Amino acid sequence: MSSHNESILREPLITGKNITYAKVTDDILLPVENKPNKAWWIGFIVAALGAMLWVVSVGYTFWTGIGAWGLNKTVGWAWDITDFVWWVGIGHAGTLISAVLLLFRQNWRNSINRSAEAMTIFAVICAATYVVAHMGRPWLAYWIFPLPNQFGSLWVNFNSPLVWDAFAISTYFTVSLVFWYCGLLPDIASVRDRATGLKQKIYGVLSFGWNGSVKTWQRFEIVSLILAGISTPLVLSVHTIVSMDFATSVIPGWHTTIFPPYFVAGAIFSGFAMVQTLLLILRKVMNFEDYITMFHIESMNKIIMTTGSIVGIAYLTELFVAWYSGSEYEMYAFANRVAGPYAWAYWAMMTCNVISPQLFWFKKIRTSIPISWILSIVVNIGMWFERFVIIVTSLHRDYLPSSWAMFYPTWTDVGIFVGSIGLFFTLFLLFLRFLPGIAIAEVKLLLKSASLQQKTKLAQEGAFPAEQVQHFANSLDKYDSVTQEDINALKQK
C-alpha cells in the first residue's frame, strides 16, 4: 500500500459511485445555478414571515421604548440578554469547526465548515440586534466604542465587561467574516466561470480576481492558517468575556469564577447542536447525503455528548460551591432555582442539557437521523432555559424581600425572539441560494483519499488485508447513503 493512501480502517467522508471532480462541482452548485425547489420556498416563506415579525416587534420597541418589554425594577435584564447570550453561544461552533479542527487537521470538517461559518456570521448578527435594541436610543449605538468626541472627552468605562463585550464580539464577527469569505473565494470563482451575462460579472467582482494559479493557492493556504490561528483564541475569549457580564457582579448566583469555562463549554454545546439541526435539513433538501455522511453526524453527536457532560458537571459544581461557600445568600439563590417559582425552568434545563445528550452513548441513537435532529433541537431549547435560569432567577429575588418580583414576557419579548429565529433562517436560506453550502475545493481534496469510491478501488486491488476490509465493510452498515451493492463491491477482486 502506497504511503499516501488513507487507511481503510477510517470511515469514508464521501460516499456514492462515479464521483469525479466535475460531479462534486455539479452536485454542490446545483442549488446555486438552478431555481430553488419547493422545500426551499416553503422554508424561506416561513422564515421571512418570522423576520417580518422581528421588524414589527423591534419597530414597536423603538417607537414605544423598553417599557414594551416585561422588565421591571427588580428584573432589569430578562429575555433580551437571555437571547443575546443564546445567539452568541450558537455562533461558537462555526469558528471551532473552521479554525480549531483545521489546525488539528481533522478532514471531516471539510464538508460542514462552510455552513457552520455562515451560521456563526448570522448568529452574531442576531445577537447584535439585541444589544442595539436594549439601548433605548439605538441611533447612539456608536457610543459603545471609544471614539474621539466633543462631549468633554466622554469615554466609555473600560472597566466594564459590557465594553469588553463590544470589543470581543466585533472582533469575533470581523475575523469570522474574513475567514468565511476567504474560504468562499475559490468556490465563487467556480460559479463565475460557469455563469454568463450579469451573473458572471457579479460573481467576478465577488471572487476578487481569483485565477486558480499555484501562487494563489499557496497564499490561500497561508492566509487560512493565519486566520485559523487568530480565530482559535477567540473561541475561548468571546464567551469568557460574555460570562464576565455576570461573574464580575456581586449578585448571588452570578459572582462565581466557574462561569468562563462553563460558558465556553455551553457555547460549543449549543453551537454544535445548531450545526446538527441545520446540516440534517441541508443534506436532505439539497441532496448532499454523499458529502455529509453518517460519520459527520456521529462525530458531531459525540462532541455534543462530551460538551453536554461538561455542562452537567458545571451545574453540579455550582450547587456544591453554593453549599460549600457557607453564604446564606448564595445558598438561597440556588435553592430558589431548584425549588422556587421558576423551578420548572431549572428542571427543563437539567433535562434538556444533562439527560438528553447522554442518550448519544447508544450507537443506535447517535446514528439515527430523526432522533439526532430532535435531540439537537432539545439541546438548544435547554441552553435557552439555562440562560433564562441564570439571569431571571438570580434577579427576581434579591436581598430585599420587599423588592421581590416575577418576570412575565410581553408579546414584544416573544415577537423579537421568534422573529430573530426567522431572521436567522432567512439569512441562512439566502446564503444557500446564492453561495455554495459546502466547500467545493476542500471536498475535492478528499476524493482521492477518503472517499468510499477510492477505498473500494484499493480494496479490489488487494492493497489492504482482508480482515481490515471486512472491518471497513461492517462500519458501513450505519450509512444511509451506502447500499448493499457498495458493500459487496469491496470484496470483489
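Throughout, residues of each chain are indexed from 1 in the direction in which the sequence is written. Local features in this predicted model are restricted to residues of pLDDT 70 or higher, and side-chain atom pairs are both shown and tallied only at a pLDDT of 80 or more, whereas totals for entire chains, interfaces and linings draw on every residue. Note that the side-chain values use all heavy atoms of the structure and ignore hydrogens as well as water.

## Observations regarding the overall build of the chain
Regarding its fold elements, the chain presents 19 helices and zero strands. Atoms counted for the radius of gyration: C-alpha only. Globule rule: 2.2 Å times the number of residues to the power 0.38. In terms of C-alpha radius of gyration, the chain reaches 24 Å, essentially the compact-globule figure of 23 Å for 493 residues. The C-alpha extent of the chain, read off along each of the three principal axes, is 80 × 50 × 40 Å. The buried label applies to any residue whose accessible area, calculated with a 1.4 Å probe on protein chains only, is under 20% of its type's maximum; exposed applies above 50%, and partly exposed to all values in between. The burial tally for the chain puts 54% of its 493 residues in the buried class. Contacts between residues were defined by any pair of non-hydrogen atoms, one from each residue, lying within 4.5 Å. A separation threshold of at least 6 residues defines the contact pool for the chain, and within that pool the share at least 24 residues apart is 82%. Residue exposure ignores everything except the shown protein chains as possible cover, and the areas themselves are Shrake-Rupley values with a 1.4 Å probe. As displayed, the chain has an accessible area near 22200 Å², and 68% of this comes from carbon and sulfur atoms. Of the side-chain charges in the chain, 33 are positive and 29 negative, and the distance between the mean point of each set is 7 Å. Helix and strand definitions here come from DSSP, where helices need a minimum of 4 consecutive H or I residues and strands a minimum of 2 consecutive E residues; each element is numbered from the N-terminal end. Neither His nor the chain termini are counted; the positive set is Lys and Arg, and the negative set is Asp and Glu. Positions of charges follow a simple convention, taking NZ of Lys, CZ of Arg, CG of Asp or CD of Glu.

## Structural notes on the domain arrangement of the chain
A domain assignment, automatic or from a database, supplies the domain bounds used here. Domain annotation for the chain reports domain 1 (1–14 + 451–493) and domain 2 (21–450). Inter-centroid distance (C-alpha atoms) of domain 1 to domain 2 is 36 Å. Opposite the 13 residues of domain 1 that make contact, domain 2 presents 21 residues. Summed over both partners, the accessible surface that disappears when two parts come together, traced with a 1.4 Å probe, is what is meant by buried area. Between domain 1 and domain 2, a total of about 1500 Å² is buried, with carbon and sulfur atoms accounting for 57% of that surface. Of all residues in domain 1, L13, I14 and K478 bury the most surface against domain 2, accounting for 47% of the area lost on that side. Definition used for salt bridges: Asp or Glu carboxyl oxygen within 4 Å of a side-chain nitrogen of Lys or Arg. Our count for the contact surface shared by domain 1 and domain 2 stands at two salt bridges. Classifying every residue of the side of domain 1 that touches domain 2 by side-chain character gives five nonpolar, three polar and five charged. Residues are grouped as follows: Ala, Val, Leu, Ile, Met, Phe, Trp, Tyr, Cys and Pro are nonpolar; Asp, Glu, Lys and Arg are charged; every other residue, Gly included, is polar.

## Points about the layout of surface pockets
Space inside the largest pocket adds up to approximately 820 Å³. In the cavity and pocket records, a cavity denotes points on a 1 Å grid over the protein atoms alone where a 1.4 Å probe fits but cannot get out, a pocket denotes an open set with protein on both sides within 12 Å along at least 5 of 7 lines, and lining residues are residues with an atom within 4 Å of a point. V131, M135, I144, L162 and A166 are, among the 29 residues lining the largest pocket, the residues nearest its centre. Of all the secondary structure elements, the ones that give two or more residues to the lining of the largest pocket are α3 (79–90), α5 (113–133) and α6 (161–194). In terms of residue count, α6 provides more of the lining of the largest pocket than any other element does, seven residues in total. Residues that form the lining of the largest pocket fall into these classes: 21 nonpolar, four polar and four charged. Grid points are joined across faces, edges and corners, and a volume is the space filled by probe spheres set on the points.

## Here's the deal with the nonpolar core
Proteins that are soluble and globular tend to have nonpolar side chains buried together. As used in this record, nonpolar core signifies buried Ala, Val, Leu, Ile, Met, Phe, Trp, Tyr and Cys residues forming a set joined through side-chain atoms within 4.5 Å. Within the largest apolar cluster, 117 residues are counted, with the highest numbers of intra-cluster contacts made by F84, W87, F246, F272 and F424. The element that contributes the greatest number of residues to this core is helix α9 (residues 259–285), accounting for 14 residues. For W87, the contacting residues outside a window of four places in its chain are A123, C126, A127, Y130, S420, I421 and F424. With 16 residues, the next largest nonpolar core counts I297, L458, Y479 and V482 among its residues.

## Looking at the packing of aromatic side chains
Classification of ring pairs uses Phe, Tyr and Trp, with its six-membered ring standing for Trp, and accepts pairs whose centres are within 6.5 Å; under 30 degrees between planes counts as stacked, over 60 as edge-to-face, and the remaining range as tilted. A complete count under the given rule lists 40 aromatic pairs for this structure. Look at W79 and F417: their rings are 6.0 Å apart centre to centre, the planes differ by 90°, and that puts the pair in the edge-to-face class. Placement of W79 in helix α3 and of F417 in helix α15 (residues 411–434) is noted, with a sequence separation of 338 residues between them. By the burial criterion, W79 is buried, and F417 matches it. Relative to F424, the ring of W87 has its centre 5.1 Å away and its plane inclined at 40°; by these criteria the two rings are tilted. Here W87 is found in helix α3, whereas its partner F424 is found in helix α15, with 337 residues between them in sequence. For the residue pair W87 and F424, the accessibility class agrees, reading buried in each case. Note on criteria: charge over ring means Lys NZ or Arg CZ within 6 Å of the ring centre, with the direction from the centre no more than 35 degrees off the ring normal. Just above the ring of F434 sits the side chain of R433; from NZ or CZ to the centre is 5.4 Å.

## Examining the pattern of salt bridges
Under the defined criterion, the tally for this structure stands at 13 salt bridges. Two residues, D27 and K23, come together in a salt bridge whose shortest N-O distance is 2.8 Å. With D27 and K23 both in helix α1 (residues 21–33) and four residues apart, the pair spans about one turn of that helix.

## Observations concerning the environment of G212
Mapping G212 onto the fold places it in the loop between α7 (197–206) and α8 (214–247). According to the relative accessible area criterion, G212 is partly exposed, its value standing at 36%.

## Digging into the packing of helix α10 (residues 294–325) against helix α12 (residues 343–355)
Interaxial angle, 0 to 180 degrees, is taken between N-to-C directions of lines fitted to C-alpha atoms, where a helix line uses only the stretch in contact. α12 packs onto α10 with a crossing angle of 145° between their chain directions and a minimal axis gap of 9 Å. On α12, the residues that touch G308, G312, Y315 and L319 of α10 are Y346, M349, M350, N353 and V354. By residue class, the composition of the contact of α10 with α12 is six nonpolar, three polar and no charged.

## Overview of helix α2 (residues 38–64)
A helix is expected to reach a length of 1.5 Å times the quantity of its residues less one. Over its 27 residues, α2 runs 39 Å from end to end, which matches the ideal 39 Å to within 8%, given 1.5 Å per residue. Among all positions of α2, only W40, F44, A47, G50, A51, W54, S57, V58 and T61 are buried. The secondary structure elements touched by the buried residues of α2 are α5 and α15. Backbone geometry just downstream of α2 places G65 in the positive-phi region, at approximately 110°.

## A short note on the side chain of N113
Tracing the chain through its elements places N113 in helix α5. For the purposes of these results, a polar contact is taken to be a pair of N or O atoms within 3.5 Å, where, inside protein, one atom must be able to donate a hydrogen and its partner to accept one; residues adjacent in sequence count only when each atom of the pair is a side-chain atom. A polar side-chain atom of N113 sits 3.3 Å from a polar atom in the side chain of E442. Not counting chain neighbours up to four residues away, the residues in contact with N113 comprise I97, S98, A439 and E442.

## Description of the side chain of D245
Among the structural elements, D245 can be located in helix α8. Residue contacts for D245: discarding those within four places in its chain leaves W77, F84, P161, L162 and D165.

## Side note on unusual backbone geometry
Within the chain, R105 stands out as a residue other than glycine whose phi angle is a positive 55°. Looking at the element boundaries, R105 is found in the loop between α4 (92–103) and α5. One non-glycine residue, F208, lies in positive phi territory at about 55°. Along the polypeptide, F208 turns up in the loop between α7 and α8.

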